[in-house]
Amino acid sequence: MEKINVKVINQSPYELPNYETPGAAGMDIRVHISESILLKPLERTLVKTGLFLEIPIGFEAQVRPRSGLALKKGITVLNSPGTIDADYRGEIGVILVNLSNENFEIHPGDRIAQLVFAAHATAQLEPVISLENTERGTGGFGSTGAK
């Protein structure tokens, strides 16, 4: 398992995100708000975390939903996964959406999402006139036989 060093500024009163178990891929992140927010069904909101990251080039931080929050309360990250690029230096924000039929209250310090750090490649696009054929070809959604 590769480890990377990520510099962080934490302007929240909460502890830094960490891995809850040795095999965890994501770190839970907390909301940094001064008072609770009521999120009604099908509403979305941007919440701040108080965290600022310096991610090494060649890596990204992905903001992903917390599975328990999604299953139990219907709360998820709207642009999942959200990408935090290595050259971004602003505060980490999370777009939450309430997909349930009930109001959901977000309290200061609630764990609202998770961060996963991932390596990525930089692509060099090469303009061509045609592409190699494959068995699937141009078959789109549902074309691989999944029923």
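Overview of the structure. (Residues numbered from 1 in each chain as written. Predicted model: local features only at pLDDT ≥ 70, side-chain atom pairs only at ≥ 80, totals over all residues. Heavy atoms only, no water.)

### Describing the layout of surface pockets
Taken as a whole, the largest pocket holds about 570 Å³ of empty space. Around the largest pocket, the lining comprises 21 residues; the ones closest to its centre are Ile4, Val6, Tyr19, Met27 and Phe117. Looking at the lining of the largest pocket, the elements with two or more residues in it are strand S4 (44-54) and strand S10 (111-119). The biggest single contributor to the lining of the largest pocket is S10, with 4 residues. In terms of residue class, the lining of the largest pocket is built from 18 nonpolar, 1 polar and 2 charged. The space that makes up the second largest pocket amounts to roughly 200 Å³. Residue lining of the second largest pocket: 15 residues in total, with Val63, Thr83, Ile84, Tyr88 and Gly93 positioned closest to the centre. At the level of elements, S4, strand S7 (82-84) and strand S8 (91-98) are the ones that each hand at least two residues to the lining of the second largest pocket. Ranked by the residues each element gives to the lining of the second largest pocket, the list is headed by S8, at 5 residues. The residue makeup of the lining of the second largest pocket, split by class, is 8 nonpolar, 4 polar and 3 charged. (1 Å grid on protein atoms, 1.4 Å probe; cavity = no way out; pocket = protein on both sides within 12 Å on 5 of 7 lines; lining within 4 Å. Points joined across faces, edges and corners; volume = space filled by probe spheres on them. Helix = DSSP H or I, 4+ residues; strand = E, 2+ residues; numbered from the N terminus. Nonpolar A, V, L, I, M, F, W, Y, C, P; charged D, E, K, R; others polar.)

### A word on the pattern of salt bridges
Overall, the coordinates contain 3 salt bridges when judged by the stated rule. Between Asp28 and Arg66 there is a salt bridge, with its nearest N and O atoms 3.4 Å apart. Highlighted residues: Asp28 in strand S2 (residues 27-30) and Arg66 in the loop between strand S5 (59-64) and helix H1 (67-73), separated in sequence by 38 residues. In terms of burial, Asp28 and Arg66 fall into one category: buried. The partner of Arg111 in a salt bridge is Asp28, with the nearest N and O atoms 2.7 Å apart. Taken together, the residues span a long stretch of sequence, with Arg111 in strand S10 and Asp28 in strand S2 at a distance of 83 residues. Each of Asp28, Arg66 and Arg111 takes part in salt bridges that share partners, so that together they form one network. (Salt bridge = Lys/Arg side-chain N within 4 Å of Asp/Glu carboxyl O. Buried < 20%, exposed > 50% of the residue type's maximum accessible area, 1.4 Å probe, protein only.)

### A closer look at the sheet that holds strand S1 (residues 7-10)
Pairing between the strands of a sheet is mediated by backbone hydrogen bonds and can be parallel or antiparallel. With antiparallel pairing, the 4 strands of this open sheet are ordered in space as S1-S4-S8-S6. Each of the sheet's edge strands pairs with one partner strand only, and the pair in question is S1 and strand S6 (75-77). Across the sheet, the mean angle separating the axes of adjacent strands is 40° when strand polarity is ignored. Sheet analysis places S4 next to S8, joined by 6 bridges and oriented antiparallel. Bridge pairing links Thr45 to Leu96 in S8. (Pairing = 2+ DSSP bridges. Axes fitted to C-alpha atoms, helices over the stretch in contact; angles between N-to-C directions.)

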